[in-house]
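# Tertiary structure, described
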Amino acid sequence: MSEEKLNTNDLEENETAVSEVKENKMGVLPIKKLIISMSLPMMISMLVQALYNVVDSIFVAQVSKDALAAVTYAFPMQNLMIAIGSGTGVGINALLSRSLGEKRFDRSNAAANNGLLLTMINALVFLGIGIFAAEAFIKSQVSDPQIVEYGKTYLGICSSLSFGIFFQMTFERLLQSTGLTIYSMISQGTGAIINIIFDPILIFGYFGFPKLGVAGAAYATVLGQVVAATIGLILNLKFNKEIKFSIKGIFTPVGDVIKQIYIVGVPSILMMSIGSVMTYMMNQILTTFSNMATTVFGAYFKLQSFFFMPLFGLNNGLIPVLAYNYGARNKERIKETLSFAIKLAVSIMLFGLVCFQLIPKVLLGFFNPDDEMLRIGVPALRIICLSFPLAGICIAMGSVFQAFSKSIYSLIISIGRQLVALIPAAWLLSKTGNVTNVWWAFPIAEGISLILSSYFFKKVHKELIDTL
């Protein structure tokens, strides 16, 4: 072989080596290792998040059952904040990851900077809601004056000071979109720990702090979110080298970038907002039986988060992997990712089903239950958890729709599950006069969701993945 040819081969090998070094890990790391490395930190941070949500309610339950009911009535608006913040983050994440896969770095930077502008706007909107609409929102669900007072106080604080949660979610999404999920875990986990520490201190007035009751729970929540947002900002500036932030970039809206963020983000926002509508309407249905039925529903939502939050952590880890490999047109990595993710999601939810079936009294015991709460709550947990494995499959398949800018399909599925199936089924079952029957609406709705998810998943697979 000639010396010239040897030099040419060496040059090609060097170019290949340089290319591999520059390639993001989402394009080269073995799939199982990649998904675990991307998702596990977020699953852990989501578990911590679930823990502090439950701890929040545990301490509030010690104030009174009315206080716990008030937090439940405030939940739909809190869920709306999460929906808007998280949905915007999904849009930022998908566009940024896809742009990195396509090596369009100017566009990925614009996605990050314009995402921060949208985050500021979201926080200002909820500042207004917290000041002017918190009391009216609680009164629209319940008339008990003590519950209204507790709910107005709690929701007013959380909404008015929502800049913490909005920036926390955005900074975490920016870390996730470039594969730095360990730092996302640090941000979210630290915020959750701060909340857990300050909940009892501010609620009951320990260590010289004033005894604030329900307001203390709200302030502890906000404090945790602000700390998490601050840490997220620092970690992005220090470690997220694939994104370039600039003040000018933040305050220079790029119409096409914002459009692309919301093509993915708006269906995701609407999809999660439907959850707010669903919980609001379920509260209305359950209140016809008793405030305790609504309290049980709130307790269920806190408990199920121990299993759904890790599942959402898995979903958050999947989106950038799928988006990156779609941008890189790597069909085999996409298929392998989906296969492994569905198996992992079902395993998580089967574990949840077993826990809800075997130890419902232990789980409800966290909320200082009386006999009435156990009477309603034990069958509620055992019936609702039958939907868990189906939910695992649907959420894993749904990551494809978000990653490939087909979030409209997720929106249709969410409407079908929660508004077309769940609420009408719950309302009809409530007419039997037995609150236990209402809980069967959840397995029914999840069955509808699985049918719709399977249809759209096959459609996306055929139109997008198979054509790569």
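Parameters at a glance
- Residues numbered from 1 in each chain as written.
- Predicted model: local features only at pLDDT ≥ 70, side-chain atom pairs only at ≥ 80, totals over all residues.
- Heavy atoms only, no water.
- Helix = DSSP H or I, 4+ residues; strand = E, 2+ residues; numbered from the N terminus.
- Rg over C-alpha atoms; globule rule 2.2 N^0.38 Å.
- Buried < 20%, exposed > 50% of the residue type's maximum accessible area, 1.4 Å probe, protein only.
- Axes fitted to C-alpha atoms, helices over the stretch in contact; angles between N-to-C directions.
- Left-handed = near helix turned anticlockwise from the far one by under 90°.
- Contact = heavy atoms within 4.5 Å.
- Nonpolar A, V, L, I, M, F, W, Y, C, P; charged D, E, K, R; others polar.
- Expected span 1.5 Å × (residues − 1).
- Bend = angle between axes of the 7 residues up to and from the residue.
- pLDDT = per-residue confidence, 0-100.
- Disulfide = S-S within 2.5 Å.
- Polar contact = N/O pair within 3.5 Å; in protein donor to acceptor, adjacent residues only side chain to side chain.
- Salt bridge = Lys/Arg side-chain N within 4 Å of Asp/Glu carboxyl O.
- Patch = residues over 30% accessible without salt bridge, like charges linked within 9 Å, V, L, I, M, F, W, Y side chains within 5 Å.
- Areas by Shrake-Rupley, 256 points an atom, 1.4 Å probe, with all protein chains shown as cover.

### Comments concerning the overall build of the chain
Each helix and strand counted, the chain has 20 helices and 0 strands in total. For the chain, whose C-alpha radius of gyration is 23 Å, the value lies close to the compact-globule estimate of 23 Å for 468 residues. Principal-axis analysis of the C-alpha atoms places the extent of the chain at approximately 90 × 50 × 35 Å. Counting the 468 residues in the chain, one finds 56% classified as buried.

### What about the packing of helix H12 (residues 255–287) against helix H13 (residues 291–327)?
Two elements in contact, H12 and H13, have axes whose closest approach is 7 Å; the angle formed by their N-to-C orientations is 145°. Considering how the two elements wind past one another, H12 and H13 form a crossing that is right-handed. The residues of H13 that touch H12, namely those facing Met-278, Thr-279, Met-282, Asn-283, Leu-286 and Thr-287, are Asn-291, Ala-293, Thr-294, Phe-297 and Phe-301. Residues that form the contact of H12 with H13 fall into these classes: 6 nonpolar, 5 polar and no charged.

### Quick look at helix H18 (residues 407–430)
Taking 1.5 Å per residue, 24 residues should reach 34 Å; H18 reaches 32 Å between its end C-alpha atoms and fits that length. The principal kink in H18, of about 35°, is found at Leu-422, preceding the proline Pro-424 by one to four residues.

### Examining unusual backbone geometry
One non-glycine residue with positive phi stands out, namely Lys-103, at about 65°. Relative to the assigned elements, Lys-103 resides in the loop between helix H4 (65–101) and helix H5 (105–132).

### Some remarks on the confidence of the model for the chain
Do not read the fine detail of predicted coordinates wherever pLDDT is low. Of all residues in the chain, 94% have pLDDT values of 70 or greater, and the mean over the chain is 87. Confidence drops under pLDDT 50 across residues 1–21; counting only partners more than four residues distant or on other chains, this segment forms 2 contacts.

### Observations regarding the state of the cysteines
A complete count under the given rule lists 0 disulfides for this structure. Cysteine Cys-355 is unpaired, with the sulfur of Cys-385 as its nearest cysteine sulfur at 9.6 Å. Residue class for Cys-355 comes out buried when judged on its relative accessible area of 14%. Note on Cys-385: relative accessible area 0%, which makes it buried.

### Topic: the environment of Ile-182
As for its position among the elements, Ile-182 is in helix H9 (residues 181–204). On a C-alpha basis, the gap between Ile-182 and Ser-454 in space is 32 Å, while along the polypeptide they are 272 residues apart.

### A closer look at the side chain of Gln-418
Mapped onto the elements of the fold, Gln-418 is located in helix H18. Within the structure, the side chain of Gln-418 is placed 2.9 Å from the side chain of Ser-414, a separation counted as a polar contact. If sequence neighbours within four positions are ignored, Gln-418 has contacts with Met-271, Ile-274, Gly-275, Met-278 and Ile-423.

### A short note on the pattern of salt bridges
Taken as a whole, this structure holds 6 salt bridges when the rule is applied. For Arg-107, the salt bridge is made with Asp-256, and the minimal N-O distance between the two is 2.8 Å. Of this pair, Arg-107 sits in helix H5 while Asp-256 sits in helix H12, and the two are 149 residues apart along the sequence. Salt-bridge contacts for Glu-446 lead to Arg-417; the nearest nitrogen and oxygen are separated by 3.5 Å. In this pair, Glu-446 is assigned in helix H20 (residues 441–465) and Arg-417 in helix H18, connecting sequence segments 29 residues apart.

### A closer look at a nonpolar patch on the surface
Taken together, the side chains of Leu-386, Trp-440, Ile-444, Ile-448 and Ile-451 make up a nonpolar region of the molecular surface, amounting to roughly 460 Å² of accessible area. Considering the arrangement of structural elements, one finds Ile-448 in helix H20.

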